[in-house]
Amino acid sequence: MTLNRYAFFNGEIVPIENAKVSVMTHALNYGTGCFEGIRAYWNNDAGELYVFQLRAHYERLLRSCKVLQIVLPYTVDALCETTLELLRRENFQSDVYIRPLAYKSFEGIGVRLHDISDAFTIWALPFGKYIEKSEGLRVATSSWRRIDDNAIPARIKATGAYINSALAKSEAMQNGYDEAIVLTQDGHVSEGSAENIFIVRNGVLHTPGLTDNILEGITRHVVSQLATEELGLTVVERSLDRTELYAADEMFFCGTGVEVTPVVEIDRRPIGDGAIGPIFTQIKDLYYAATHATDPKRREWCTPVYEVVAAER
Ligand SMILES: Cc1ncc(COP(=O)(O)O)c(C=O)c1O
């Protein structure tokens, strides 16, 4: 049994089994697509599904499309509305992962971005934890380096770029670790295979800057805001050396999939004293409240899915 029943495909919501592409599709052959990963959280008390940071994800998708010369006939507002329509049709009452995907749909030979057709789809699935490990992750610095902005821009979510993530992730897991840390070509810390990084040193949060070949993470921005506005912490964006991770008091990943997840060991060295740290714990609680629409100050980050439908009844 499939977990989802529909997809938005070729301009309409269709049964998932009808949302199919040809083996000749350009994006399948050359990796010429870009996508988003969006989460929606089920709040049982409110009886409501809330999509987290919906607009920010579609704003980033359209920026990714611009780099890849994909022209979508939709505004951010229209993309948000279509997503809500799809979720209502599915009638999910659980946490959900939403996957919008824009791609080169041309069927034929020829590596290029210009003068070929584009297409767009959205599908969504019930989804729990991305990495099941509440006691904290053991990570390793990868032997793979992060793709460079002048080769495949990491700031956009290009499908083909995830070869780099997959190489690093499989290497780490097959060597017995939970996740990889990937360095830039010049040896600075970039990010995890699908998550941004924060460390805590002397009560200050540090995270690699936007020119360290990271994805411009939405959760990274959310965490920075929560840390500064709610906890009064300083957040410094700068290049980080690999050994600063070894010297950190705390370290954690953030991303839509991984949410906020602590790292307790890197390259066989404990982070701090090897236990989950106090700053992480506070950020985790704030993140949970923000994503589940129980923090009144962050209510605008959460878009209700069923509210409109219920009001019309
Ligand atoms: C490579 C990479 N970095 C960082 C992130 C975190 O980004 P966001 O918080 O926007 O989900 C992701 C998640 O999709 C990712 O794939």
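Above this text sits the structure in question.
Residues numbered from 1 in each chain as written. Predicted model: local features only at pLDDT ≥ 70, side-chain atom pairs only at ≥ 80, totals over all residues. Heavy atoms only, no water.

## Some words on a nonpolar patch on the surface
Together, Val23, Met24 and Leu28 make up a nonpolar patch on the protein surface, roughly 340 Å² of accessible area in all. Mapped onto the secondary structure, Met24 falls in the loop between strand S2 (12–15) and helix H1 (26–30). Overall, the relative accessible area of 46% leaves Met24 in the partly exposed class. (Patch = residues over 30% accessible without salt bridge, like charges linked within 9 Å, V, L, I, M, F, W, Y side chains within 5 Å. Areas by Shrake-Rupley, 256 points an atom, 1.4 Å probe, with all protein chains shown as cover. Salt bridge = Lys/Arg side-chain N within 4 Å of Asp/Glu carboxyl O. Helix = DSSP H or I, 4+ residues; strand = E, 2+ residues; numbered from the N terminus. Buried < 20%, exposed > 50% of the residue type's maximum accessible area, 1.4 Å probe, protein only.)

## A word on the site of the ligand
Around the ligand, the structure places 15 residues, and the nearest of them are Lys157, Tyr162, Glu191, Thr219 and Thr256. Contact between the ligand and Arg60: an oxygen atom at 2.7 Å from a side-chain N or O atom of the residue. Lys157 places a side-chain nitrogen or oxygen 2.5 Å from an oxygen atom of the ligand. Relative to its unbound accessible surface of 380 Å², the ligand loses 97% to contact with the protein. Taken together, the residues of the shell around the ligand sort by class into four nonpolar, six polar and five charged. (Near = heavy atom within 4 Å. Polar contact = N/O pair within 3.5 Å; in protein donor to acceptor, adjacent residues only side chain to side chain. Nonpolar A, V, L, I, M, F, W, Y, C, P; charged D, E, K, R; others polar.)

## So, the pairing of strand S5 (residues 48–52)
Of all five residues in S5, five are buried, a share of seventy percent or more. Judged by which residues are buried, S5 turns out to be covered on both faces: Glu48, Tyr50 and Phe52 on one side and Leu49 and Val51 on the other are all buried. Looking at chain direction, strand S4 (residues 38–43) and S5 are connected through four bridges and run antiparallel. Within the sheet, the bridge partner assigned to Ala40 lies in S5 and is Val51. Counting the residues between successive antiparallel strands, the hairpin from S4 to S5 contains four residues, one of them, Gly47, with a positive phi of roughly 60°. Where S5 lies against strand S17 (residues 302–304), three bridges are found, and the strand directions are antiparallel. Note on S17: the bridge partner recorded for Val51 is Thr303. (Pairing = 2+ DSSP bridges.)

## What about unusual backbone geometry?
One non-glycine residue with positive phi stands out, namely Asp267, at about 50°. By the secondary structure assignment, Asp267 is in the loop between strand S15 (259–266) and strand S16 (269–270). Asp267 sits in the buried class, given a relative accessible area of 12%. The backbone phi angle of Ala293 is positive, close to 60°, even though this residue is not glycine.

## A closer look at the packing of helix H2 (residues 54–67) against helix H3 (residues 76–90)
The relative placement of two packed helices comes down to the angle between their axes together with the axis-to-axis distance. Between H2 and H3, whose axes approach to 9 Å, the crossing angle comes to 125°. Between H2 and H3, the crossing angle belongs to the class labelled oblique. The interaxial crossing formed by H2 with H3 has right-handed handedness. Across the interface between the two elements, Leu54, Arg55, Tyr58, Glu59 and Leu62 of H2 pack against Val76, Asp77, Leu79, Cys80, Thr83 and Leu84 of H3. (Axes fitted to C-alpha atoms, helices over the stretch in contact; angles between N-to-C directions. Parallel < 35°, antiparallel > 145°, perpendicular 65-115°, else oblique. Left-handed = near helix turned anticlockwise from the far one by under 90°. Contact = heavy atoms within 4.5 Å.)

## Considering the packing of aromatic side chains
Inspection of every chain in the model, using the stated rule, returns nine aromatic pairs. With 6.0 Å between their ring centres and 70° between their planes, Phe8 and Tyr74 make a pair best called edge-to-face. One end of the pair, Phe8, is in strand S1 (residues 6–9); the other, Tyr74, is in the loop between H2 and H3, and 66 residues separate them in sequence. Ring centres of Phe52 and Trp301 lie 6.0 Å apart, and the angle between their planes is 75°; on these two criteria the pair is classed as edge-to-face. (Phe/Tyr/Trp six-rings, centres within 6.5 Å; stacked < 30°, edge-to-face > 60°.)

## A few points about the nonpolar core
One broad trend across soluble globular proteins is that nonpolar side chains are buried collectively. Counting residues in each nonpolar core, the largest one holds 36 residues, and the members touching the most others are Leu49, Val51, Tyr58, Leu87, Val96, Ile98 and Phe120. Looking at this core, the elements with two or more residues in it are S1, S4, S5, H2, H3, strand S6 (96–104) and strand S7 (118–126). Tallying contributions element by element places H3 first for this core, with six residues. Among all residues touching Tyr58, those that are not within four sequence positions of it are Ile38, Val76, Leu79, Cys80, Thr83, Pro100, Phe120 and Ile122. Formed by 24 residues, the second largest nonpolar core is a distinct cluster that contains Leu233, Val235, Cys254 and Val260. (Core = buried A, V, L, I, M, F, W, Y, C linked by side-chain atoms within 4.5 Å.)

## Here's the deal with the side chain of Glu179
Residue placement: Glu179 occurs in strand S9 (residues 179–183). A distance of 3.1 Å separates the side chain of Glu179 from the side chain of Lys169, its partner in a polar contact. Of the polar contacts made by the side chain of Glu179, one reaches the side chain of Ser193; its length is 2.9 Å. Ignoring any residue separated from it by four or fewer positions in sequence, one finds Glu179 in contact with Ile131, Leu137, Arg138, Val139, Ala140, Lys169, Ala172, Ser193, Glu195 and Phe253.

## Brief notes about the environment of Pro153
Within the secondary structure, Pro153 is located in the loop between strand S8 (137–145) and helix H4 (162–174). Along the sequence, Pro153 and Trp123 sit 30 residues apart, while their C-alpha atoms lie 25 Å from each other. With residues up to four places along the chain from it excluded, the contact list for Pro153 reads Val67 and Asp148.

## Considerations on the pattern of salt bridges
Counting across every chain of the model gives 20 salt bridges. With its nearest N and O atoms 3.1 Å apart, the salt bridge here joins Lys129 to Glu259. Residue Lys129 is found in the loop between S7 and S8, and its partner Glu259 is found in strand S15; the two are separated by 130 residues along the sequence. Looking at Glu259, the relative accessible area reads 12%, which means it is buried. One salt bridge connects Arg146 with Glu191, and the closest N-O pair in it is separated by 2.7 Å. Pair noted here: Arg146 is in the loop between S8 and H4 and Glu191 is in strand S10 (residues 189–192), with a separation of 45 residues, a long-range link. Classification of Arg146 as buried rests on a relative accessible area of 7%.

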